[in-house]
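Examining the three-dimensional arrangement
The lines below spell out each chain.
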Amino acid sequence: MRFINPIPFVRDIDRSREFYQKTLGLTVLEDFGNFVLFDTGFAIHEGRSLEQTVWREVAPAEEPYGRRNLLLYFEHGDIEAAFESIAPQVELIHPIERQAWGQRVFRFYDPDGHAIEIGEPQTLGPSGDLHQS
């Protein structure tokens, strides 16, 4: 068994595709209308159709999908450039901060309220500790 990827539910697939393409700079690999796969392996799915597929019914309420219980993690080789490009377009959780493990990251919300983290690339050192690339 191997893990492939998370698939966040989104309310408006067009709005979310545009957000991940234009704001994060991801490239669409496949667009099936209600499901979009990006070249990184990340994917999004229109929520109502996926609810029908998985649970055989659509939730009656229009409750938000992002519920502060999932963090979508991406890495970028130039964290300052990523922050300057992305921050003006999103609702920030916080600007670039150094974490307890030494990595610098910033966090924000996508259009559905899913939390996203952009971090510096990490590598494992000889002792198994995380280091910035």
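Residues numbered from 1 in each chain as written. Predicted model: local features only at pLDDT ≥ 70, side-chain atom pairs only at ≥ 80, totals over all residues. Heavy atoms only, no water.

Quick word on the pairing of strand 3 (residues 35-38)
Walk down a regular strand and you will see the side chains alternate between the two sheet faces. For strand 2 (residues 28-31) and strand 3, the ladder comprises 3 bridges, and the chain directions are antiparallel. Counted as the bridge partner of E30 is L37 from strand 3. Across 3 bridges, strand 3 lies against strand 4 (residues 43-46) in antiparallel orientation. When the sheet's bridge partners are listed, F35 is paired in strand 4 with H45. In this structure, the hairpin formed by strand 3 and strand 4 is closed by a connection of 4 residues, where G41 is found at a positive phi of approximately 100 degrees. (Pairing = 2+ DSSP bridges. Helix = DSSP H or I, 4+ residues; strand = E, 2+ residues; numbered from the N terminus.)

A look at helix 2 (residues 47-55)
Note on helix geometry: an α-helix contains 3.6 residues per turn, so any two residues three or four positions apart are oriented the same way. Within the sequence span of helix 2, burial applies to G47, S49, L50 and E51. Against strand 1 (9-10) and strand 4 lie the buried residues of helix 2. A distance of 3.1 Å separates the backbone nitrogen of R48 from a side-chain oxygen at the start of helix 2, and that oxygen is part of E46. (Buried < 20%, exposed > 50% of the residue type's maximum accessible area, 1.4 Å probe, protein only. Contact = heavy atoms within 4.5 Å. Polar contact = N/O pair within 3.5 Å; in protein donor to acceptor, adjacent residues only side chain to side chain.)

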